[in-house]
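Analysis of the macromolecular model
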Amino acid sequence: MTLPEGVAYREFDGAERLATRGTPAYGEPVVDGWRVWDAGRSKLGAMFDAGIDTGLSGSDGVLYLGAANGTTASHVADFARVVYAVEFAARPMDDLLDAAAARETLVPLLNDARQPDTYAHVVENGLDAVVQDVATRGQAQVALANRQFLADDGRLVAALKARSEDVTREPGAIFGDALAELREGYEVLDTRRLDPRHDDHLAVVARPR
Amino acid sequence: MSEGWFAGVEPDDPEAGAAAIRDGRADAPADWPGLAVEAGFADDSREYYARLRAAAIEAARTAAAERERADDRQAIHAVRAMDDAERTANELAERVAEWSASRYGESGTDVEYCRELVRRADAGGVAAEGPDASATAPTADGTPPTADGALAGLAARVVELDAEADRLRAFVEHTAGAVAPNLAALAGPVLGARLLALAGSLESLAKKPSGTIQVLGAEEALFAHLRGAAPSPKHGVVYTHEYVRSTRPEERGSAARALAGKLAIAARIDYYAGDRRPALERELDERIARIQARGDGSGGGTGATDGPESNGNDEGDGDDSGDRPADGRPPGDG
């Protein structure tokens, strides 16, 4: 089983669904303290649901890039040791702050993931994972720029979004270019398309090299 | 060697910590929890994380609130105030011109002429009526007000009002760039702010179709068109954009439509994402270059019959179907 400790399938309304233990953050169903992690709303959730080995094991140190309103980051914070949640947009910050208020492990940062020097004085090195879900052009560059936070055996767990790079090109070609760029600093361990739950997204697990 | 955010911060002062998180930077990360405990900032890593989290939440909260305050409402108020100041300055400048023509027999209708009057009054020792002086009250030194003084005073107000409009413009440029960076980059900050004002908010602009953005500010012409009394307007305030104005009249509708399309995307990115996308500008540049190259005779063979008369057969650009508001008609926004 590749699920981290603290992530499990639980029964909700007769269906087995991915879940973590924590304070509900966005009105998701809760049974016995476990709250549903909706794989349709969360790319990382979809990766777990697809059986991808992310390398996350529980009690991890995580840098989360593109936390948005904290839906996925809150689940990660439920099982991680510490989650540095970076989000550049001010608008979703209210929700992210609410999620952080209920979680001792969640550290919100209003920063641009393309400029790691603006948070390198806060985020520690030697982390177990960089989880990346940023909707910006140059996603491979973002991953390379944030490699410095990872331990040697740490993992990049990224959801690359083709439409953020170029809406006119074929996603397969975009992913090929992005992976080639990633390999400048990473060894790619696994890739998987996340369709149909997340169209034109490629899940990537990689480790620094 | 870079320092961690906690350097020089009192452990029990989350606000100082928040400031250090917001303003600090480092070339590379380090084992901050370990270093902080070593430096006595916290007794153990548990305490360190608690202090870090408290400071980070404070930092994110204040930074987000600040960005929200520098928001679209401020840009809208400022651009309206700027327009009011400019319009009023121009109206008063005309009044000054009319009045001065009756005394000095010369004409000049703009703010520049008012500046000239003020200079002359200063040089000639005419006491301009200040804002404190009422029209009928004696001036500060007890002498009754003179027509020259009143006129010079009014001219001075015009000059000040014009300077105020400039200050407001600078503020609009700053604010529009902060609240809607992509829109401001594509439209220019002042036109961007005008579009925000016409739509009412960034949210409302982000939810408008590009066809609506294209004719924002031409509502009168649009409703005349809908009543069947006029051709559809080709453009509203987007007309003030150089890409529309610098395009030949026959292609202006196309340019306005292309511009509005990109502005709609820019507004949506600004509202929903917030990051800068320089690619948008490049796409717009290319699109406008293509439109402006149409039928100007340099099309290398294909352009020969591609004048405005060949309407309905727009070359190339796929999004030209459903060509509305239509090209090749006189501007409808009066």
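This section reports on the structure supplied with the text. (Residues numbered from 1 in each chain as written. Chains lettered and ligands numbered in written order. Predicted model: local features only at pLDDT ≥ 70, side-chain atom pairs only at ≥ 80, totals over all residues. Heavy atoms only, no water.)

Take the overall build of chain A next. Counting secondary structure elements, chain A contains 6 helices and 11 strands. Counting only residues that meet the buried cut, chain A has 58% of its 209 residues in that class. Here the contacts in chain A between residues at least 6 apart in sequence split such that 54% fall between residues at least 24 apart. Summed over its atoms, the accessible surface of chain A is roughly 8200 Å², and 42% of this surface lies on carbon and sulfur atoms. (Helix = DSSP H or I, 4+ residues; strand = E, 2+ residues; numbered from the N terminus. Buried < 20%, exposed > 50% of the residue type's maximum accessible area, 1.4 Å probe, protein only. Contact = heavy atoms within 4.5 Å. Areas by Shrake-Rupley, 256 points an atom, 1.4 Å probe, with all protein chains shown as cover.)

Bringing the interface of chain A and chain B into the picture now. Chain A puts 33 residues into the contact, and the matching count from chain B is 37 residues. Where chain A packs against chain B, one counts 1 salt bridge. A salt bridge links Asp 117 of chain A to Arg 25 of chain B, with the nearest nitrogen and oxygen atoms 2.6 Å apart. Our count for the contact surface shared by chain A and chain B stands at 15 residue pairs in polar contact (both at pLDDT 80 or more). Going through the elements one at a time, strand 6 (82-86), helix 3 (93-101) and strand 7 (106-109) of chain A are the ones with two or more residues in the side of chain A that touches chain B. Taken together, the residues of the side of chain A that touches chain B sort by class into 20 nonpolar, 5 polar and 8 charged. (Salt bridge = Lys/Arg side-chain N within 4 Å of Asp/Glu carboxyl O. Polar contact = N/O pair within 3.5 Å; in protein donor to acceptor, adjacent residues only side chain to side chain. Nonpolar A, V, L, I, M, F, W, Y, C, P; charged D, E, K, R; others polar.)

Okay, the packing of aromatic side chains next. Using the criterion set out here, one finds 12 aromatic pairs over all chains in the structure. Aromatic rings pair up to connect Trp 5, Phe 6, Trp 32, Phe 41, Tyr 48 and Tyr 49 of chain B into one cluster. (Phe/Tyr/Trp six-rings, centres within 6.5 Å; stacked < 30°, edge-to-face > 60°.)

To continue, consider the sheet that holds strand 4 (residues 34-36) of chain A. Residues and elements named next belong to chain A. Spatial strand order, 1-2-4-3: 4 strands in an open sheet with antiparallel pairing. Of all the strands in the sheet, the pair left with one neighbour each is strand 1 (7-12) and strand 3 (30-31). By the bridge criterion, 3 bridges tie strand 2 (residues 15-21) to strand 4 in an arrangement that is antiparallel. Bridging from a neighbouring strand, Arg 21 pairs with Trp 34 of strand 4. (Pairing = 2+ DSSP bridges.)

In this section: the pairing of strand 11 (residues 201-208) of chain A. Residue and element names in this part refer to chain A. Taken across its 8 residues, strand 11 has 7 buried, putting it largely inside the fold. One ladder, built from 6 bridges, connects strand 9 (residues 150-161) with strand 11; its direction is antiparallel. For Ala 159, the partnering residue across the bridge sits in strand 11 and is Ala 203.

Further remarks concern the sheet that holds strand 9 of chain A. In sheet architecture, strand pairing relies on hydrogen bonds along the backbone and comes in two forms, parallel and antiparallel. All names here are of chain A. Spatial strand order, 7-6-5-8-9-11-10: 7 strands in an open sheet with mixed pairing. Two strands bound the open sheet, and with one partner strand each, they are strand 7 and strand 10 (186-193). Across the sheet, the mean angle from the axis of one strand to that of its neighbour is 15°, orientation sign disregarded. With 4 bridges connecting them, strand 6 and strand 7 associate as parallel partners. The residue of strand 7 that forms the bridge with Val 86 is Leu 109. Helix 2 (residues 71-79) rests against strand 5 (61-65), strand 6 and strand 7 of the sheet, and its axis sits at about 180° to strand 5. (Axes fitted to C-alpha atoms, helices over the stretch in contact; angles between N-to-C directions.)

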